[in-house]
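# Observations on the model geometry
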Amino acid sequence: MGFTYQALLCLAVLFVSTRAELLLNGSNFIANGCNNFRGQWVYDPSSSPLYTSSCPFITPGFDCLKSGRLDKVFLKYSWKPDSCNLPRFDGLSFLKRWKGKKILFVGDSLSYNQWSSLVCMIHGAVPNAKTSYVKDTRVIFEDYGVSISVYRTTYLVDIVRTPRGRILKLDSIQQGKAWLGNDMLIFNTWHWWTHTGNKQPWDFVQYGNTIVKDMDRLVAFSRGLTTWGRWVDQNVDPSKTKVFFQGISPSHYRGQEWGSKSNCIREQVPIKGSTYPAGSPPGAAVLNKVLSTIKKPVYLLDITTLSQLRKDAHPSIYTTNHRGNDCSHWCLPGLPDTWNQLLYAAVLLISKKL
């Protein structure tokens, strides 16, 4: 993966500007000394999800309980920041604040994971509200005129089919035209950048006029993400559209990272404490560096570490989406509900600062 490149990225993150730190380290969401992304998971026997499998928008592949998972302990852990309390998610308040607005998640299946969570959390608050549903794409809460959609794209940048083959174009975002006109954008990419062989959906990589069979994936990720950053600067009006980045969602296939000989299968409790033994995934440093170069406000939902601690929260074998063991996505109800609770807290804080 290029040790020298990773080392330089780590150094770069240490020397970003003050403004960049606000965007990189979650300081946008720090109030009275509280960073919502630093803390630990606390067992709360009284905790219960804001929705159940009865949510009409929940994806079967994420519905672990319906797929046979018997233990429910993973639903009893709440995220507790070090020096404050997260505001409880209020679906009705969310709808009122975003009345008449359009919200779009843009990214891979992990964006879909978070989208499905958010629409179910809101539905749980207003179960009798009139809705329109385009399967796996959009939910409109018609009583409030709020549209919440998801746009599936693995890399944010384009994959173009040519006679030569499928080309991943690191400096092209033609699909970005579909993202315009929304009031909130929540982006995500990383999961697919490490896929190789038959699991990658492209044959060549292009940057400028150079086309190669493959390249250092961290370099490719950096170039693709930089292209996305330019798109934000050129196309987003911050007075009309708020931009978030989901952060790097981790996987748990390597049990040695937390002292296990297995992976996420049959894990039932989080990792104790506030740090992950193996440190941050390499994509996090790349993301931080690129965010520091974007001129328009992009609010980072820094969910990486708090998600790394949840080795117990994956579908594992309790899913209809994959054969085998899924240690990449997350059960619903489950961890993405906390991501959306953090999104809600961020929206509240941003509103106060406007």
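See the structure above.
Report on the accompanying structure.

The rules behind the values
Residues numbered from 1 in each chain as written. Predicted model: local features only at pLDDT ≥ 70, side-chain atom pairs only at ≥ 80, totals over all residues. Heavy atoms only, no water. Helix = DSSP H or I, 4+ residues; strand = E, 2+ residues; numbered from the N terminus. Buried < 20%, exposed > 50% of the residue type's maximum accessible area, 1.4 Å probe, protein only. Contact = heavy atoms within 4.5 Å. Areas by Shrake-Rupley, 256 points an atom, 1.4 Å probe, with all protein chains shown as cover. Core = buried A, V, L, I, M, F, W, Y, C linked by side-chain atoms within 4.5 Å. Salt bridge = Lys/Arg side-chain N within 4 Å of Asp/Glu carboxyl O. Disulfide = S-S within 2.5 Å. Polar contact = N/O pair within 3.5 Å; in protein donor to acceptor, adjacent residues only side chain to side chain. Pairing = 2+ DSSP bridges. Expected span 1.5 Å × (residues − 1).

### A closer look at the overall build of the protein chain
- Helix and strand counts for the protein chain stand at 8 helices and 13 strands.
- Counting across all 354 residues of the protein chain, residues that qualify as buried make up 54%.
- Pairs at least 24 residues apart make up 78% of the contacts formed inside the protein chain by residues separated by at least 6 positions.
- Summed over its atoms, the accessible surface of the protein chain is roughly 16,000 Å², and 51% of this surface lies on carbon and sulfur atoms.

### Quick notes on the nonpolar core
- Counting residues in hydrophobic clusters, the biggest one holds 56 residues, and the most contacted among them are Ile122, Ile148 and Phe244.
- Listing elements by their share of this core, those giving two or more residues are strand E2 (77–81), helix H3 (91–97), strand E3 (102–107), helix H4 (109–125), strand E5 (138–141), strand E6 (146–152), strand E9 (184–187) and helix H8 (335–353).
- No other element matches H8, which puts 10 residues into this core.
- Discounting residues that sit within four places of it in the chain, Ile148 has contacts with Ile103, Phe105, Trp115, Leu118, Val119, Ile122, Thr137, Arg138, Val139 and Phe141.
- With 34 residues, the next largest nonpolar core counts Leu170, Trp190, Leu287 and Ile294 among its residues.

### Some points on the pattern of salt bridges
- One pass over the full model with this rule turns up 8 salt bridges.
- Of the charged contacts in the structure, one is a salt bridge between Arg254 and Glu257, with a shortest N-O distance of 3.8 Å.
- On the basis of relative accessible area, Arg254 is assigned to the partly exposed category, the value being 49%.
- For Glu257, a relative accessible area of 26% gives the class partly exposed.
- Here Asp312 and Arg310 are joined by a salt bridge, their closest N and O atoms 2.7 Å apart.
- Arg310 gets classed as buried once you look at its relative accessible area, which sits at 3%.

### What about the state of the cysteines?
- For the structure on display, the rule yields 3 disulfides.
- The partner cysteine of Cys55 in its disulfide is Cys120, sulfur to sulfur 2.1 Å. One disulfide, between Cys55 and Cys120, carries an S-S torsion of -90 degrees and so falls in the left-handed class. Here Cys120 lies in helix H4 and Cys55 lies in the loop between strand E1 (39–43) and E2, a separation of 65 residues in the sequence.
- Judged by its relative accessible area of 6%, Cys55 falls in the buried class.
- Given the relative accessible area of 1%, Cys120 is considered buried.
- Disulfide pairing places Cys264 opposite Cys327 at an S-S distance of 2.0 Å. One quick way to see it: the torsion about the S-S bond of Cys264 and Cys327 is about -85 degrees, and its sign makes the bridge left-handed. With Cys264 in the loop between strand E12 (242–245) and helix H6 (282–291) and Cys327 in the loop between helix H7 (304–308) and H8, this pair connects stretches of sequence that are 63 residues apart.

### Digging into the side chain of Asn35
- With respect to the element layout, Asn35 can be found in the loop between helix H2 (18–24) and E1.
- Judged by its relative accessible area of 16%, Asn35 falls in the buried class.
- Looking at Asn35, its side chain comes within polar contact range of the main-chain nitrogen of Phe37, at 2.9 Å.

### As for the sheet that holds E9
- Pairing is mixed across the open sheet formed by 7 strands, whose spatial order is E4-E5-E6-E3-E9-E12-E13. Since the sheet does not close on itself, it has two edges, and those belong to strand E4 (131–134) and strand E13 (299–300), each with one partner.
- When E4 meets E5, the two strands line up antiparallel, connected through 4 bridges. Looking at E5, one finds that Tyr133 is bridged to Val139.

### Observations regarding H4
- Over its 17 residues, H4 extends 25 Å from the first C-alpha to the last, a length consistent with the 24 Å expected when each residue adds 1.5 Å.
- Here H4 lies mainly inside the structure; 15 of its 17 residues are buried.
- Where H4 begins, the capping side chain belongs to Asp108, and its oxygen is found 2.9 Å from the backbone nitrogen of Leu110.

Honestly, that's just the spatial picture; any functional story needs more than this.
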